[in-house]
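# Observations on chain architecture
One-letter residues, chain by chain:
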Amino acid sequence: MRETVGVVGVGWVGLVTAACFASRGHDVWAMDVDEAKVAELSSGEVTFHEPGLAELVTEHARRLHFTSDMDEVLANSRLLFCCVDTPPTYSGDADLSRVMTVVERLPDDAEHALVMKSTVPSGTGSSIRREMPGLAYVSCPEFLKEGSAVADFLNPDRVVIGADPGDEWAADAVTALYEPLGGEIVRTDVSSAEMIKLASNAFLATKISFINEIANVCEEVGADVTEVARGMGLDERIGGSFLKAGIGYGGSCFPKDVSALKQLAGNSGYHFQLLNSVIEVNELQKRRVIGKLTKHLGSLVGKRIALLGLAFKPNTDDMREASSLVLSARLQGEGAEVVGYDPVAKDAASGLLPSIEFASSPGEALAGADGAILVTEWSEFADLDWPALAAEMTSAVIVDGRNFLDPERMRAAGFAYEGVGR
Ligand code: UDX
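The structure presented is a predicted model; accordingly, all values stated were derived computationally and were not measured.

### Describing the overall build of the protein chain
- Check the secondary structure of the protein chain and you find 17 helices and 14 strands.
- A globule of 422 residues ought to have a C-alpha radius of gyration of about 22 Å, and the protein chain, at 23 Å, matches this closely.
- Once the C-alpha set of the protein chain is aligned to its principal axes, its extents read approximately 70 × 50 × 40 Å.
- Taking contacts inside the protein chain between residues at least 6 apart in sequence as the whole, the part at least 24 apart equals 72%.
- When the accessible surface of the protein chain is totalled, it reaches about 18,000 Å², and 52% of it is carbon and sulfur.
- One way to put it: in the protein chain the 36 positive side-chain charges average out to a point 4 Å from where the 62 negative ones average out.

In structure tokens:
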């Protein structure tokens, strides 16, 4: 008999977790307080863009039970995966109010275990344990990337499972769920598991800010950061991934987790200097784009600037902490008119960018524009008819914020091309 899984909070992480466990043959009871969302999911509707997810939900519908009744989940499953979000508060700490609402609804018994997937500061597990001494607690942080979440879930690099003495039964049960997926299982204590998640994201963000600063130096000395990153990445101690220079990281995790770790350290009396710089470099990196435009266009007052891509990265419609938000505000602050195009994020973006114009194709965005910024490296941008597009622009200036296009080809197509660090 396969373990039945309970999931609390059916947002992005919760739904991926529910659908992937269902696809491995587990019955899943997935609970959310949002009754409209439960109704949508029960009728097979997935309202956000995540490749392969809607298909999994449809294919395994008979094993997926969506509900807004916690008692149903408790009656059917002993492992309760907590997947509610922990957005940053004004102070930069993680907001644990949704997690605490879940905890308050759980029985303090020995039959259930709370499996924490939400990203929480180190120490959260022990404080929940103090309040609910009967309930078992397992920290099982999530490392999914948007756009490849289903594949990441089903083929993990590693699965971190943290439990303290007394809760081994629950950690063993979680281990049994993940073992068939392959990937190394890291069994550890709760506090270390919580820290692995924050430290991993902070390290990746540090790698990005580091290569972005190298890119800025490359611009001064005439080196090409893509060559530098290639040469660095072949050293296996460094590794080639997360060395793509650009206009900085965004999304729901890196900005929030870097700030949460910084605050966690600060609250414990330690000043995490390096992370302050990582955050500052990331902020300034977006703003450097404006200088690259003015170098070619002079003042941006009255100029029409096209943003190609609005989502924080390709293959998602997620606009959280997207560079396009800062860029459009900065451009408008300089007096420019902004037109944006994104193949999937238009709806998600329209509420957040009420004062920009939306185009329904790259051609429509670029026609009559004085300059363009490639913000998100959607694959479709590689195959555009760039010479024809350049001819439609008032002045063919492009800032490639992701070093995605071939500079020589773009120059041959008639563009004044600016990359990042090349
Ligand atoms: C990230 C982590 O990778 C994942 O493990 C964690 O669970 C959640 O946060 P995600 O936010 O989906 O995942 O995106 P990711 O693909 O990691 O990219 C994050 C940001 O960094 C994007 O804005 C991306 O454009 C930027 N990035 C990434 C770079 O600027 N350069 C790189 O080399 C890599």
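### Describing the domain arrangement of the protein chain
- We note that the domain assignment places domain 1 (5-188) and domain 2 (254-418) within the protein chain.
- One C-alpha centre belongs to domain 1, the other to domain 2; they are set 34 Å apart.
- Counting residues at the interface gives 15 residues for domain 1, matched by 15 residues for domain 2.
- Summed over both sides, the interface between domain 1 and domain 2 buries roughly 1,200 Å², with carbon and sulfur atoms accounting for 48% of that surface.
- Scanning the region where domain 1 abuts domain 2 turns up one salt bridge.
- Run the count over domain 1 and domain 2 and you get five residue pairs in polar contact (both at pLDDT 80 or more).

### Side note on unusual backbone geometry
- The backbone of Asn-315 shows a phi angle near 65°, a positive value even though the residue is not glycine.
- Residue placement: Asn-315 occurs in the loop between β9 (304-308) and α13 (323-333).
- Judged by relative accessible area, which is 39%, Asn-315 ranks as partly exposed.
- Non-glycine residue Glu-321 carries a positive phi angle of around 55°.
- The residue Glu-321 is located in the loop between β9 and α13 in this model.

### Comments concerning the site of the ligand
- Taken together, 19 residues lie around the ligand, and Phe-143, Leu-144, Glu-146, Lys-244 and Lys-313 are the ones closest in.
- A distance of 2.8 Å separates an oxygen atom of the ligand from a polar backbone atom of Leu-144.
- Interatomic distance of 3.3 Å between a backbone N/O atom of Phe-312 and an oxygen atom of the ligand.
- Protein chains shield 91% of the accessible area of the ligand, which is 670 Å² for the free molecule.
- Here the shell around the ligand is built from residues that sort into nine nonpolar, three polar and seven charged.
- Of the residues that make up the shell around the ligand, three or more belong to each of domain 1 (5-188) and domain 2 (254-418).

### Here we look at the environment of Val-344
- Tracing the chain through its elements places Val-344 in the loop between β10 (337-341) and α14 (346-350).
- Remark: the alpha-carbon pair of Val-344 and Asp-317, spanning 27 residues in sequence, is separated by 5.6 Å.
- Not counting residues up to four positions away in its chain, the partners in contact with Val-344 are His-49, Thr-316, Asp-317 and Trp-378.

### Topic: the packing of helix α11 (residues 254-267) against helix α12 (residues 273-297)
- At a closest axis distance of 9 Å, the pairing of α11 and α12 adopts a crossing angle of 150°. In terms of orientation, α11 lies roughly antiparallel with respect to α12. For the pair α11 and α12, the crossing hand works out as left-handed. Of the residues in α12, those in contact with Val-258, Ser-259, Leu-261 and Lys-262 of α11 are Leu-275, Asn-276 and Ile-279.

### Some points on the nonpolar core
- Counting 49 residues, the largest nonpolar core has Leu-293, Leu-331, Ile-373, Trp-386 and Phe-415 as its most contacted members.
- The set of elements that each furnish at least two residues to this core consists of α12, β9, α13, β10, α15 (362-366), β12 (371-374), α16 (386-392) and β13 (397-400).
- Filtering out sequence-adjacent residues up to four positions away, Leu-331 remains in contact with Ile-290, Leu-293, Leu-300, Ile-305, Leu-307, Ala-336, Val-338 and Ile-373.
- One finds Val-28, Ala-30, Val-57 and Tyr-178 within the second-largest nonpolar core, a separate group that totals 44 residues.

### Some words on the packing of aromatic side chains
- One pass over the full model with this rule turns up nine aromatic pairs.
- Centre to centre, the rings of Phe-21 and Phe-81 are 5.5 Å apart; their planes meet at 55°, and the pair counts as tilted. Placement of the pair is Phe-21 in helix α1 (residues 12-23) and Phe-81 in strand β4 (residues 79-82), with a sequence separation of 60 residues.
- The class for Phe-21 is buried, based on a relative accessible area of 1%.
- Counting every residue linked through ring pairs, the aromatic cluster contains Phe-21, Phe-81, Phe-153 and Tyr-178.

### Thoughts on the environment of Glu-142
- Within the secondary structure, Glu-142 is located in the loop between β6 (136-139) and α7 (149-154).
- Judged by its relative accessible area of 9%, Glu-142 is buried.
- Put simply, Glu-142 and Leu-374 are 232 residues apart on the chain and 30 Å apart in space, counted from C-alpha to C-alpha.
- When sequence neighbours within four positions are dropped, the list of residues in contact with Glu-142 reads Val-13, Thr-17, Lys-117, Phe-153 and Lys-197.
- Of the polar contacts made by the side chain of Glu-142, one reaches the backbone nitrogen of Leu-144; its length is 3.5 Å.

About the cut-offs
Residues numbered from 1 in each chain as written. Predicted model: local features only at pLDDT ≥ 70, side-chain atom pairs only at ≥ 80, totals over all residues. Heavy atoms only, no water. Helix = DSSP H or I, 4+ residues; strand = E, 2+ residues; numbered from the N terminus. Rg over C-alpha atoms; globule rule 2.2 N^0.38 Å. Contact = heavy atoms within 4.5 Å. Areas by Shrake-Rupley, 256 points an atom, 1.4 Å probe, with all protein chains shown as cover. Lys, Arg positive; Asp, Glu negative; His and termini not counted. Charge placed at Lys NZ, Arg CZ, Asp CG, Glu CD. Domains from an automatic or database assignment. Buried area = accessible area lost by both parts, 1.4 Å probe. Salt bridge = Lys/Arg side-chain N within 4 Å of Asp/Glu carboxyl O. Polar contact = N/O pair within 3.5 Å; in protein donor to acceptor, adjacent residues only side chain to side chain. Buried < 20%, exposed > 50% of the residue type's maximum accessible area, 1.4 Å probe, protein only. Near = heavy atom within 4 Å. Nonpolar A, V, L, I, M, F, W, Y, C, P; charged D, E, K, R; others polar. Axes fitted to C-alpha atoms, helices over the stretch in contact; angles between N-to-C directions. Parallel < 35°, antiparallel > 145°, perpendicular 65-115°, else oblique. Left-handed = near helix turned anticlockwise from the far one by under 90°. Core = buried A, V, L, I, M, F, W, Y, C linked by side-chain atoms within 4.5 Å. Phe/Tyr/Trp six-rings, centres within 6.5 Å; stacked < 30°, edge-to-face > 60°.

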